[in-house]
Amino acid sequence: MPSDKPSNHVRQVVPDDLLREKQACLDRERVEELIQGKVVMVTGAAGSIGSELCQQIAAFRPQALVGFDQAETPLFYLERELVRSFPWLAFEPLIGNITSPADVNGAIAKYRPSVIFHAAAYKHVPMMERHVFAAVENNIFGTWQIALAASAHAVEYFVLISTDKVVRPASVMGATKRVAELSIRALQKRGGTRFVAVRFGNVIGSSGSVVSIFKDQIAAGGPVTVTHPEMRRYFMTASEAGQLVLQALAMGKGGEIFVLDMGEPVKIVDLARNLIRLSGFEPERDIKIEFSGARPGEKLFEELELQAELLTSTGHPRIRSVNQPAQVGKARIKAYLRELRQVCERRDAASLILLLKRLIPDYSPAFGLQQAISPSSPSMRFDPVQHTAAQPGLSAPIPKPTGFSPS
Ligand SMILES: NC(=O)c1ccc[n+]([C@@H]2O[C@H](COP(=O)([O-])OP(=O)(O)OC[C@H]3O[C@@H](n4cnc5c(N)ncnc54)[C@H](O)[C@@H]3O)[C@@H](O)[C@H]2O)c1
């Protein structure tokens, strides 16, 4: 360990130092056609993905940009930032909750957006394992609520921000986002709102991400905690993710699930070592690295495609689309959501997990949740105290990495 506190000497590293940005190949003309002079709404606008989208959308000169979020202070800062960078922009910060019909319908009826980017969600995997009802409420019912409103108000485009964690989900978060994808697809009809989902892996440096946690740990003198020596994740920069989401909008005809090419997966332990070096220290000598074990719902690798699904080329070098076997009909989704609502109202976690598995058969609940639904379990009820105990090791079988092969 260095004689004095590392925090006195930590070199400032910006997340993009850790990752070389790859070309996004954005069709600017088409994006301009869809955004310039139009009203655009972003839910979760104050979050990592939403705020990056707001910055990029602003540059295309929309007639107005509506930033919808429940978080007041982050929205306050977003407004300040946008006003500073884009003095011409008509930015409307809207405090509201996507699960509130009044908030959602009120916002869409008032501003009449042509395009909605839906980035509001709960995303932290271990947190959502402990708050299964909140995950369903926000990620499933919230998405359904806003997608229904978009359809009713004839919004032209609806882009759902999805995640690689929907692929053979090992977490409640991944499973709920997968249901959200299926729900918006069920609303797709000819001539109506064009519903598009975009899946991608981790955005480096986003809120609560591994990079921000490592930076804090380095500033505190270590150790840096990595869950597993083999843990790998796909990463891209926020700017790349934002551009590729806009590109997906440009390409969307309705009903597609697009998958972004994240490049090669990165070993988290290598990322930790790089970050320690870029911060001005030597791994192990100055800052120790410790392995803590994967947490409930975490996989060693995230897959970007379902095994039963095939990805097809879209003609764009960094975007492929998922070939869905069949669309789940609107009536079936509605009946399913009614059942889900009932189990949520009863706070019946065991039935909730079984219901998620019914629609998403390849969902493998993490160990703690499996116990909750096991018939041999003393209680079929969810016990949050039992479940919060850290699970050493893996929560799901280790799948082979099936990322994009370099093109
Ligand atoms: N950050 C990443 O690395 C990454 C990568 C791929 C996909 N995604 C997906 O993108 C989405 C957004 O992630 P993020 O990193 O921007 O998260 P974030 O937590 O930074 O932002 C989410 C925003 O949504 C808002 N929000 C949440 N629930 C809401 C509600 N009920 N009503 C209104 N606003 C609400 C929050 O206040 C927050 O500002 C998630 O679905 C996530 O899975 C994120």
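Residues numbered from 1 in each chain as written. Predicted model: local features only at pLDDT ≥ 70, side-chain atom pairs only at ≥ 80, totals over all residues.

Brief notes about the sheet that holds strand β3 (residues 91-95)
Note the threshold: Should DSSP find at least two bridges between two strands, the strands are regarded as paired. Here a strand is any run of E in DSSP of at least two residues, a helix any run of H or I of at least four, and the numbering for each starts at the N terminus. Angles here are taken between N-to-C directions and fall from 0 to 180 degrees, while the axes themselves are lines fitted to C-alpha atoms, restricted in helices to the stretch in contact.
Reading across from one edge, β3-β2-β1-β4-β5-β6-β11-β15-β14 is the order of the nine strands in this open sheet, with mixed pairing throughout. Each having just a single partner strand, β3 and β14 (310-313) make up the two edges of the open sheet. Each adjacent strand pair in this sheet contributes to an overall mean axis angle of 25 degrees, direction not counted.

Thoughts on the pairing of strand β15 (residues 319-323)
This is how it is decided: With C-beta atoms placed from the backbone, the exposure class of a residue follows from how many other C-beta atoms lie within 10 Å of its own: 20 or more, buried; 12 or fewer, exposed; in between, partly exposed.
Among the five residues of β15, four are classified as buried, and the element is accordingly described as predominantly covered. One ladder, built from three bridges, connects strand β11 (residues 257-260) with β15; its direction is antiparallel. Counted as the bridge partner of L260 is I319 from β15. Two elements, β14 and β15, share four bridges in a ladder whose sense is antiparallel. When the sheet's bridge partners are listed, L311 is paired in β15 with V322. Hairpin connection, β14 to β15: the antiparallel pair is bridged by five residues, and G315 has positive phi, about 95 degrees.

A closer look at the site of the ligand
Test applied: Using a C-beta atom placed from the backbone, a residue is described as near a molecule or strand when that atom lies within 6 Å of it. Gly is put with the polar residues, along with every residue not named as nonpolar or charged; the nonpolar set is Ala, Val, Leu, Ile, Met, Phe, Trp, Tyr, Cys and Pro, and the charged set is Asp, Glu, Lys and Arg.
Close contacts around the ligand come from 28 residues, with G44, G47, A71, A121 and S206 the closest. Only α2 (48-58), α6 (132-152) and β7 (202-203) provide two or more residues apiece to the shell around the ligand. Of the residues in the shell around the ligand, the class split is eleven nonpolar, 14 polar and three charged.

Some thoughts on the nonpolar core
We count it as follows: Think of a nonpolar core as buried Ala, Val, Leu, Ile, Met, Phe, Trp, Tyr and Cys residues chained together by C-beta atoms that fall within 7 Å. Contact between two residues is assigned whenever their backbone-derived C-beta positions fall within 7 Å.
One finds F158, V159, V198 and V245 to be the most contacted residues of the largest nonpolar core, which totals 111 residues. Examining the composition of this core, we find that ten residues originate from one element, α6, more than from any other. If we ignore the near neighbours within four places in the chain, the residues touching V245 are L53, V159, I161 and V198.

Remarks on the packing of helix α8 (residues 210-219) against helix α10 (residues 268-278)
Stated precisely, the cut-off is as follows: When an angle is under 35 degrees it counts as roughly parallel; over 145 it counts as roughly antiparallel; between 65 and 115 it counts as roughly perpendicular; any other value is oblique. Note: crossing handedness is left-handed where the near helix turns anticlockwise from the far helix by less than a right angle, and right-handed where it turns clockwise.
Packing of α8 against α10 brings their axes to within 10 Å, and their N-to-C directions diverge by 45 degrees. Of the possible angle classes, the one that applies to α8 and α10 is oblique. Along this stretch, α8 crosses α10, giving a crossing that reads as right-handed. In this structure, α8 contributes V210, V211, F214, K215 and I218 to the contact, and α10 contributes I268, L271, A272, L275 and I276. Looking at the contact of α8 with α10, its residues break down into nine nonpolar, no polar and one charged.

Details of the environment of N105
With respect to the element layout, N105 can be found in helix α4 (residues 101-111). With 16 C-beta atoms packed within 10 Å, N105 lands in the partly exposed category. A C-alpha to C-alpha distance of 6.0 Å links N105 and A149, two positions 44 residues apart in sequence.

Considering α4
Counted only if it meets this: Arc definition: it is the arc formed by the directions from the helix axis to the C-beta atoms.
Looking only at α4, the buried set comprises V104, A107 and I108. Relative to the axis of α4, the buried residues are bounded by an arc of 90 degrees and lie together on one face. Exposed and facing more than 90 degrees away from the buried side of α4 are A102, A109 and K110. One or two steps after α4, the chain reaches R112, where phi turns positive at roughly 50 degrees.

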